[in-house]
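Next come the chains, spelled out residue by residue.
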Amino acid sequence: MKRRTAFWAIACLTSITVGTLSGCEQATPPTATTTPSTTKVLTMVTSPDYPPYEFYDTSSGSKEIVGFDVDIAKYIAKELGFELKINETNFDGLIPAIQAKKADFVMAGMTPTPERTKSVDFSILYYDAKDTILSLKGKNLTKAEQLSGLKVGVQLGSIQEGNLKEILKKVKNIQIVSLNKIPEIIQEVKSKRLDAAIIEDTVATGFKASNPDVEFNVLPSEGASGAAVAFPKGSANVEDFNKVLKKMKESGEIDKLATKWFGQANK
């Protein structure tokens, strides 16, 4: 992907097209990708089961991926003069998707861990977050030590899965159950097939609103935290995205969107 040295002379309003990876074409450099109106296209891939970062909004009758990450991606695309296209896959398929050049970048509340940085490049952090223990109401699970002897769910390929494995080095007898979708994990907790789950605080807050029979307590992170944009190794988009993200932080745009989706500004 060739490096852009300036914003495009004519900026078009960002539009969203949603598709699945199974039907998307291999992403090509923006300088070679055009629509009939000569608009350049950036393709984002995400896992839309992670509200309020990204999820399907069906309230208006149309199936559309919305959320914190989507709003940030739309803002960046508009600033850089691109049309935004969104594809989806399971969380553990996100990095393979950009490695295979099926998308230009990933936004999915993804944390830039040392292991992930071996495979992809990351932007600066655009949001900080914490892990929580989610369980049925009244269990009062507040410490990692209390997970001993329990069956604990995490999202497959997530930072929480890695953090729980780190906890397992200190707290013995935890049975880790890795599942693809956050709603599936919540349902397993509610049906008592899981004793608890490790989920990001903002995501847990969103699910608790529609699941009053669960509770969550903040758990000190065993590793990295926070969300960043992921790119294929060597992508020239990293620098451009960082410039816009810094601008969004300085102008208060990130805090504005965080308040919109999380009910509070970034921590």
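Residues numbered from 1 in each chain as written. Predicted model: local features only at pLDDT ≥ 70, side-chain atom pairs only at ≥ 80, totals over all residues. Heavy atoms only, no water.

Engineer: Account for the overall build of the chain, with residues named and values stated.
Structural biologist: When its secondary structure is counted, the chain shows seven helices and 14 strands. Across the 267 residues that make up the chain, the buried fraction comes to 50%. For the chain, the proportion of contacts with a sequence separation of at least 24, taken over those separated by at least 6, is 76%. Summed over all atoms, the accessible surface of the chain reaches about 12200 Å², with 51% contributed by carbon and sulfur. (Helix = DSSP H or I, 4+ residues; strand = E, 2+ residues; numbered from the N terminus. Buried < 20%, exposed > 50% of the residue type's maximum accessible area, 1.4 Å probe, protein only. Contact = heavy atoms within 4.5 Å. Areas by Shrake-Rupley, 256 points an atom, 1.4 Å probe, with all protein chains shown as cover.)

Engineer: Give me the sheet that holds strand E10 (residues 151-155): which residues, what numbers.
Structural biologist: With mixed pairing, the five strands of this open sheet are ordered in space as E11-E10-E12-E9-E13. At either margin of the open sheet sits one strand with a lone partner, and together these are strand E11 (175-179) and strand E13 (214-219). Averaged over neighbouring strand pairs, the angle between their axes works out to 30° when direction is ignored. Of the pairings in the sheet, the one linking E10 to strand E12 (residues 196-200) comprises two bridges and is parallel in character. Residue Val152 lies in a different strand from E12, and its bridge partner there is Ala196. Helix H3 (residues 159-168) rests against strand E9 (131-136), E10, E11, E12 and E13 of the sheet, and its axis sits at about 145° to E10. Across the sheet, helix H5 (residues 201-208) is in contact with E9, E12 and E13; its angle to E12 comes to roughly 115°. (Pairing = 2+ DSSP bridges. Axes fitted to C-alpha atoms, helices over the stretch in contact; angles between N-to-C directions.)

Engineer: Kindly report on helix H6 (residues 237-251), identifying the contributing residues and their values.
Structural biologist: Here H6 is 15 residues long and its end C-alpha atoms lie 21 Å apart, about the 21 Å a rise of 1.5 Å per residue gives. Of all the positions in H6, only Asn237, Val238, Asp240, Phe241, Asn242, Val244, Leu245 and Met248 are classed as buried. Against the buried residues of H6 lie strand E2 (40-46), helix H1 (68-80), strand E7 (105-106), strand E8 (120-122), strand E14 (230-232) and helix H7 (253-262). (Expected span 1.5 Å × (residues − 1).)

Engineer: So what about H1? Which residues, and what values?
Structural biologist: The terminal C-alpha atoms of H1 lie 19 Å apart, and with 13 residues this matches the ideal 18 Å at 1.5 Å per residue to within 8%. Residues of H1 that are buried: Phe68, Asp69, Val70, Asp71, Ile72, Ala73, Ile76, Ala77 and Leu80. Where H1 terminates, the next one or two residues include Gly81, which has phi positive at roughly 80°.

Engineer: If you had to explain the nonpolar core to someone new, which residues and values would you point to?
Structural biologist: With 47 residues, the main nonpolar core has Tyr53, Phe68, Ile72, Phe105 and Tyr126 as its most contacted residues. When residues in this core are grouped by element, the largest group, seven residues, is from H1. (Core = buried A, V, L, I, M, F, W, Y, C linked by side-chain atoms within 4.5 Å.)

Engineer: For the confidence of the model for the chain, give the residues involved together with the corresponding values.
Structural biologist: When the pLDDT values of the chain are averaged, the result is 85; 82% of them are 70 or greater. Predicted confidence for residues 1-18 stays below pLDDT 50, and this span has 45 contacts to residues more than four positions away or in other chains. Counting contacts from residues 22-37, a segment whose pLDDT is below 50, to residues more than four positions away or on other chains yields 28 contacts. (pLDDT = per-residue confidence, 0-100.)

Engineer: Give a description of the sheet that holds strand E4 (residues 54-57) that names residues and reports values.
Structural biologist: On the basis of which strands lie adjacent, the open sheet formed by three strands has the order E3-E4-E5 and antiparallel pairing. Only two strands of the sheet have a single partner each, and these edge strands are strand E3 (49-50) and strand E5 (64-66). Sheet analysis places E4 next to E5, joined by three bridges and oriented antiparallel. For Asp57, the partnering residue across the bridge sits in E5 and is Glu64.

Engineer: So, the packing of aromatic side chains: which residues are in play, and what are the values?
Structural biologist: Taken as a whole and judged by the stated rule, the model has 12 aromatic pairs. An aromatic cluster is built from Tyr50, Tyr53, Phe68, Tyr126, Tyr127 and Phe262, whose rings are joined through pairwise contacts. Its end group placed over the ring of Tyr56, Lys63 keeps NZ or CZ at 4.6 Å from the ring centre. (Phe/Tyr/Trp six-rings, centres within 6.5 Å; stacked < 30°, edge-to-face > 60°. Lys NZ or Arg CZ within 6 Å of the ring centre and 35° of its normal.)

Engineer: An account of the packing of H1 against H7 is requested, with residue identities and associated values reported.
Structural biologist: With their axes 9 Å apart at the nearest point, H1 and H7 run at an angle of 150° to one another. For the element pair H1 / H7, the angle class is roughly antiparallel. As for how H1 packs across H7, the hand of that crossing is right-handed. Of the residues in H7, those in contact with Phe68, Asp71, Ile72 and Tyr75 of H1 are Glu253, Ile254, Leu257, Ala258, Lys260, Trp261 and Phe262. (Parallel < 35°, antiparallel > 145°, perpendicular 65-115°, else oblique. Left-handed = near helix turned anticlockwise from the far one by under 90°.)

Engineer: For the environment of Gly93, give the residues involved together with the corresponding values.
Structural biologist: Counting through the fold element by element, Gly93 comes out in the loop between strand E6 (82-88) and helix H2 (94-99). The buried category is assigned to Gly93, whose relative accessible area is 19%. The spatial distance from the C-alpha of Gly93 to the C-alpha of Leu156 is 9.8 Å, given a sequence separation of 63 residues.

Engineer: I'd like a rundown of unusual backbone geometry, residues and numbers included.
Structural biologist: Following Pro51, the chain continues into Pro52 via a peptide bond in cis, with omega recorded as 5°. Tracing the backbone through its elements, the reader meets Pro52 in the loop between E3 and E4. Phi is positive for Asn140, close to 55°, though the residue is something other than glycine. Overall, the relative accessible area of 47% leaves Asn140 in the partly exposed class. You will see that Lys192, though not glycine, has its phi angle at about 70°, which is positive. Along the chain, Lys192 falls in the loop between helix H4 (182-190) and E12. For Lys192, a relative accessible area of 64% corresponds to the exposed category.

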